[in-house]
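Okay, here's what each chain looks like letter by letter:
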Amino acid sequence: MKFILIKIVQFYQKAISPFFPPSCRYSPTCSSYMVTALERHGALKGFTMGVARILRCNPFVKGGFDPVPDHFTLSRNHHEH
């Protein structure tokens, strides 16, 4: 399942995303965050973390650097690197 979800996101990154202007307020981008979360935390937790990140990416947040944390959480990773 993890493999399929990663392939779906990679398809989006290569075939759909280039046709839209960059709009992600975070670094790494939300799609890259999703792939990393899936790789580190598996299909269920990784997908849940990715969706939570996408919901946080809106015009009302400052954004900034927000890497995938080593432990499962639905909140922003506030560690400065």
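Residues numbered from 1 in each chain as written. Predicted model: local features only at pLDDT ≥ 70, side-chain atom pairs only at ≥ 80, totals over all residues. Heavy atoms only, no water.

A.B. asks: How should I be thinking about the confidence of the model for the protein in this particular structure?
C.D. replies: One rule of thumb: low pLDDT means the predicted coordinates there are not for detailed reading. Per-residue confidence for the protein gives a mean pLDDT of 92; residues scoring 70 or more make up 95%. No element of the protein has a lower mean pLDDT than strand β2 (residues 64-65), which averages 92, and none a higher one than helix α1 (residues 2-16), which averages 97. (pLDDT = per-residue confidence, 0-100. Helix = DSSP H or I, 4+ residues; strand = E, 2+ residues; numbered from the N terminus.)

A.B. asks: Sorry if this is basic, but what is going on with helix α2 (residues 30-56) here?
C.D. replies: Note: α-helices contain 3.6 residues per turn, so residues at a spacing of three or four share the same orientation. In a regular helix each residue adds 1.5 Å, so 27 residues correspond to 39 Å; α2 covers only 10 Å between its end C-alpha atoms and thus falls short of that length. At Gly42, α2 shows its strongest bend, of approximately 140°. (Expected span 1.5 Å × (residues − 1). Bend = angle between axes of the 7 residues up to and from the residue.)

A.B. asks: What is the right way to read the packing of α1 against α2 from this model?
C.D. replies: The description of two packed helices rests on the angle between their axes and on the distance between the axes. Running from N to C, α1 and α2 point in directions that differ by 160°, and their axes come no closer than 9 Å. The pairing of α1 with α2 is recorded here as roughly antiparallel in orientation. The handedness of the crossing between α1 and α2 comes out as right-handed. Touching Lys2, Leu5, Ile6, Val9, Tyr12 and Gln13 of α1 are Ser31, Ser32, Met34, Val35, Leu38, Glu39, Gly42, Ala43 and Phe47, all from α2. Taken together, the residues of the contact of α1 with α2 break down into nine nonpolar, four polar and two charged. (Axes fitted to C-alpha atoms, helices over the stretch in contact; angles between N-to-C directions. Parallel < 35°, antiparallel > 145°, perpendicular 65-115°, else oblique. Left-handed = near helix turned anticlockwise from the far one by under 90°. Contact = heavy atoms within 4.5 Å. Nonpolar A, V, L, I, M, F, W, Y, C, P; charged D, E, K, R; others polar.)

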